[in-house]
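# Close look at the chain arrangement
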Amino acid sequence: MADPQRKWVSEDVVTCSYLLLYIALSSGQIFFNKWVLSSKDINFPYPLGLTLLHMVFSSILCFVLTKVLKIMKVEEGMTLDIYMSSVIPIGAMFAMTLWLGNTAYLYISVSFAQMLKAIMPVAVFILGVAAGLEVMSCRMLLIMSVISFGVLVASYGEININWVGVVYQMGGVVGEALRLIFMEILVKRKGLKLNPISVMYYVSPCSALCLLIPWIFLEKPKMDEQRTWSFHPLILTLNSLCTFALNLSVFLVIQHTSALTIRVAGVVKDWVVVLLSALLFADTKLTLINLFGYAIAIAGVAAYNNHKLKKAASPESSDESQPTQSIPLIPSTNSNN
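Conventions and cut-offs
- Residues numbered from 1 in each chain as written.
- Predicted model: local features only at pLDDT ≥ 70, side-chain atom pairs only at ≥ 80, totals over all residues.
- Heavy atoms only, no water.
- Helix = DSSP H or I, 4+ residues; strand = E, 2+ residues; numbered from the N terminus.
- Buried < 20%, exposed > 50% of the residue type's maximum accessible area, 1.4 Å probe, protein only.
- Areas by Shrake-Rupley, 256 points an atom, 1.4 Å probe, with all protein chains shown as cover.
- Contact = heavy atoms within 4.5 Å.
- Axes fitted to C-alpha atoms, helices over the stretch in contact; angles between N-to-C directions.
- Parallel < 35°, antiparallel > 145°, perpendicular 65-115°, else oblique.
- Left-handed = near helix turned anticlockwise from the far one by under 90°.
- Nonpolar A, V, L, I, M, F, W, Y, C, P; charged D, E, K, R; others polar.
- pLDDT = per-residue confidence, 0-100.
- Core = buried A, V, L, I, M, F, W, Y, C linked by side-chain atoms within 4.5 Å.
- Salt bridge = Lys/Arg side-chain N within 4 Å of Asp/Glu carboxyl O.
- Patch = residues over 30% accessible without salt bridge, like charges linked within 9 Å, V, L, I, M, F, W, Y side chains within 5 Å.
- Phe/Tyr/Trp six-rings, centres within 6.5 Å; stacked < 30°, edge-to-face > 60°.

## Some words on the overall build of the protein
Summing up its helical and strand segments, the protein has 12 helices and zero strands in all. In sequence order, the secondary structure elements of the protein are arranged as α-α-α-α-α-α-α-α-α-α-α-α. Residues counted as buried form 52% of the 337 residues belonging to the protein. With the model as given, the accessible surface of the protein reaches about 15700 Å², and the carbon-plus-sulfur share is 69%.

As structure tokens, then:
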């Protein structure tokens, strides 16, 4: 009797440890990116370059872990047609999401950026309806209205609002919504299901290439002109390593918990980021209107997640597709991730 109970307690502790690791890494990565981009000590205000570095680092590590050391396995079934029609659009949208999301940190506070991200389900639903993946209903319309109203109230309570940052952040939200739509098409219509490490293996090189071209024209000339190539390689390497560790933590959480658990953990992480940013960054000034609006939006997000999980668990639905955190969000570096 004692042995099964001890085993259950041990598994419970391991699960909680993975969840705490995910929340810590996801929150920490957002703050780490903000510090690297805005700190005068680091002197690296290049969000496009930072995102490109993350993708190159991820591509190399994925190759080493799966093909050289063979610690992890890349799932089979990828064809040239699927790669061209699905993976490339996913990689392009992922690159857009991380680039614009990280750029937003140069103009708005971390907490306000996190509040704006709550509008994500609305963007996903609207694009899903347009793509024929979602069906408009009174319930979903109500949920979308609640989320939109909450974000609107949170924005109204923002003291130092910068519309340039808002545009960048909303652009990142649209990019992430499109990525999720392409992911759902990849799973439902192409019949291919990939674990997070497989997604990283296929998508990271494509995203790196999509980022390299604009970086050459937009940021490389500035870096050459300002002679900022003498950046801190150790800090940037550690930043990239933390990004990869975040993706691996998502892989572990998905293996040991359910989709519901990781989505709840994502909500907890969002609140941690909002509240801690007020303590860590001088540009964050939270108001009661901010928090009230964000609470309304999060309630709508919780209702949306609950609806999606019930739909996925219904008999006519197929197995649960990849959770939205499969590529955080960055996240990941943008950490939606």
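Moving on from the coordinates now.
## Description of the side chain of Asn239
Tracing the backbone shows Asn239 in helix 10 (residues 233–256). Look past the residues within four positions of Asn239 in its chain and what remains in contact with it is Gln29, Phe32, Asn33, Val36, Leu50 and His54.

## Some details on the environment of Ala302
Considering the arrangement of structural elements, one finds Ala302 in helix 12 (residues 288–313). In the structure, Ala302 is positioned 159 residues away from Ile143 in sequence and 9.4 Å away in space, judged by C-alpha atoms.

## Side note on the packing of helix 6 (residues 138–156) against helix 12
The geometry of helix 6 relative to helix 12 is characterised by a closest axis approach of 7 Å and an angle of 155° between their N-to-C directions. For the element pair helix 6 / helix 12, the angle class is roughly antiparallel. Crossing handedness for the pair helix 6 and helix 12: left-handed. Here the contact of helix 6 with helix 12 is built from residues that sort into 18 nonpolar, six polar and one charged.

## Some words on unusual backbone geometry
For Lys70, which is not glycine, the phi dihedral falls at a positive 55°. As for its placement among the helices and strands, Lys70 is situated in the loop between helix 2 (47–68) and helix 3 (80–104). Here Lys70 falls in the exposed class, since its relative accessible area comes to 64%.

## Examining the confidence of the model for the protein
Of all residues in the protein, 86% attain a pLDDT of 70 or more, and the chain-wide mean is 83. Predicted confidence in the protein is weakest over helix 1 (residues 2–38), with a mean pLDDT of 79, and strongest over helix 2, with 94. Segment residues 318–337 is flagged for pLDDT under 50; beyond a separation of four residues in sequence, or across chains, it makes 81 contacts in the model.

## Regarding the nonpolar core
Counting residues in each nonpolar core, the largest one holds 69 residues, and the members touching the most others are Phe44, Met144 and Ile147. Counting residues in each nonpolar core, the second largest holds nine residues, with Leu19, Ile23, Leu246 and Val250 among its members.

## Structural notes on the packing of helix 4 (residues 110–117) against helix 6
Two elements in contact, helix 4 and helix 6, have axes separated by 9 Å at closest approach and are oriented at 160°. In terms of orientation, helix 4 and helix 6 fall into the roughly antiparallel class. The interaxial crossing formed by helix 4 with helix 6 has left-handed handedness. Seen from helix 4, the contacting residues are Phe112, Met115 and Leu116; seen from helix 6, they are Val151, Ala154 and Ser155. Of the residues in the contact of helix 4 with helix 6, the class split is five nonpolar, one polar and no charged.

## Some thoughts on the pattern of salt bridges
If the charged atoms of two oppositely charged side chains come close together, the side chains can form a pair. Within this structure, the stated rule accounts for three salt bridges. In this structure, Glu176 and Arg179 form a salt bridge, with 2.7 Å as the shortest nitrogen-oxygen distance. Taken together, the residues span about one helical turn, with Glu176 and Arg179 both in helix 7 (residues 163–188) at a distance of three residues. Residue Glu176 is classed as buried on the basis of its relative accessible area, which comes to 1%. Classification of Arg179 by relative accessible area gives buried; the value is 1%. With a closest N to O distance of 3.1 Å, Asp270 and Lys269 form a salt bridge.

## Focus on a nonpolar patch on the surface
A surface patch of nonpolar side chains, about 590 Å² in accessible area, is lined by Leu209, Leu212, Ile213, Ile216, Phe217 and Leu218. Within the secondary structure, Leu212 sits in helix 8 (residues 196–218).

## Side note on the environment of Pro233
Assignment of secondary structure puts Pro233 in helix 10. Between the C-alpha atom of Pro233 and that of Ile42, which follows or precedes it by 191 residues, the distance is 10.0 Å.

## Topic: the packing of aromatic side chains
Using the criterion set out here, one finds six aromatic pairs in the structure. Seen from their ring centres, Phe31 and Phe281 are 5.9 Å apart, and the 45° between their planes marks the pair as tilted. You can see Phe31 sitting in helix 1 and its partner Phe281 sitting in the loop between helix 11 (259–280) and helix 12, a full 250 residues away along the chain. For Phe281, a relative accessible area of 14% puts it in the buried group. Taking 5.7 Å as the distance between ring centres and 15° as the angle between the ring planes, the aromatic pair formed by Tyr107 and Tyr168 counts as stacked.

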